[in-house]
Amino acid sequence: MVTDTQTLQRLLDLANQCVQATSTQTDGQTILTQLQELIPYTSALLALDHCSDFSFQTERQMVVKDQPQGWIDHYLKQEYWKVDHIMARIQVNDCSISWRESEPFIICPDFAEDYQQNLGREGLSIQVKNDTGSTIISLSTENRPLQADYQPNLDYIAPHIHEVFMRKGEYNRLALGFPQLKTRELEVLKWAKEGKSNWEIAKILNLSERTIKFHFTNIFQKLNVVNRSQAVARAVHAKLIDL
């Protein structure tokens, strides 16, 4: 890892930002912006999974910055993750992978042509995984050659970014395994956790008791539970609400 004063300060600033960040869209974008100062990429993708064996299921798994219009939709529609040679390599490597150096491992020429036209030939990708799930970081520098310090710096900062998405927020990786709850449903669950009755929650939220019961019915169905206690427990476990 290069340790010139400017690079080292940027690494420390980004690591500190990761310590303070939560798994929200806002904090994810802030991290990507600071990462761009360290590695001047053209476009970036953060992809999350609650399993260590990564698979793409929904756009909710992704935080993107400056991606070409329609590229993510096209990637998912074509199920390119099944033939993505870069993704295959990062799943069996502990360090970042150069896109250009991965070209001898191309599985699907159509995919290679597509990503090179949309993102360029130069880029870096890395996957961090443990028992909490996995995080993929992919950075395109279009056709600009990678500097020697880019890979070790990404190797260093990637685990810090991975830890962010175990915290509270809509991009918490455990929550990705759960159906998405609406803001009002989360409010209802929060007050249920405090031991409030349906009548009390209705008064607090200025709603009818019938509406509260309606919200609980939807929550039970989404979380696959049969009562309030189970719903609260699952929501807390997934960090959808605070303990």
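Reference entry: report on the structure contained in this document. (Residues numbered from 1 in each chain as written. Predicted model: local features only at pLDDT ≥ 70, side-chain atom pairs only at ≥ 80, totals over all residues. Heavy atoms only, no water.)

### Description of the overall build of the protein
And step 1. In terms of helices and strands, the protein carries 10 helices and five strands.
And step 2. Expressed as a percentage of its 243 residues, the buried residues of the protein come to 47%.
And step 3. Put simply, the protein shows about 12,300 Å² of open surface, and 49% of that area lies on carbon and sulfur atoms. (Helix = DSSP H or I, 4+ residues; strand = E, 2+ residues; numbered from the N terminus. Buried < 20%, exposed > 50% of the residue type's maximum accessible area, 1.4 Å probe, protein only. Areas by Shrake-Rupley, 256 points an atom, 1.4 Å probe, with all protein chains shown as cover.)

### What to know about the state of the cysteines
And step 1. With the rule as written, the count across this model stands at zero disulfides.
And step 2. Lacking any disulfide linkage, Cys18 is separated from the closest cysteine sulfur, that of Cys95, by 19 Å.
And step 3. The class for Cys18 is buried, based on a relative accessible area of 1%. (Disulfide = S-S within 2.5 Å.)

### Focus on the packing of aromatic side chains
And step 1. One pass over the structure, following the stated rule, counts eight aromatic pairs.
And step 2. Each ring, one from Phe216 and one from Phe220, has its centre 5.8 Å from the other, and the planes form 40 degrees; the classification is tilted. You can see Phe216 and its partner Phe220 sitting in helix H9 (residues 209–223), four residues apart, about one turn around the helix.
And step 3. The residue whose ring lies beneath Arg89 is Phe105, and the NZ or CZ to ring-centre distance is 4.2 Å. (Phe/Tyr/Trp six-rings, centres within 6.5 Å; stacked < 30°, edge-to-face > 60°. Lys NZ or Arg CZ within 6 Å of the ring centre and 35° of its normal.)

### Considering the environment of Asn93
And step 1. Along the polypeptide, Asn93 turns up in the loop between helix H4 (85–90) and strand E3 (97–98).
And step 2. In this structure Asn93 comes out as partly exposed when scored by relative accessible area, which is 24%.
And step 3. Spatially, the C-alpha atom of Asn93 lies 8.2 Å from that of Ile126, the residues being 33 residues apart in sequence.
And step 4. Within the structure, Asn93 has its side chain in polar contact with the backbone oxygen of Arg89 (distance 2.6 Å). (Polar contact = N/O pair within 3.5 Å; in protein donor to acceptor, adjacent residues only side chain to side chain.)

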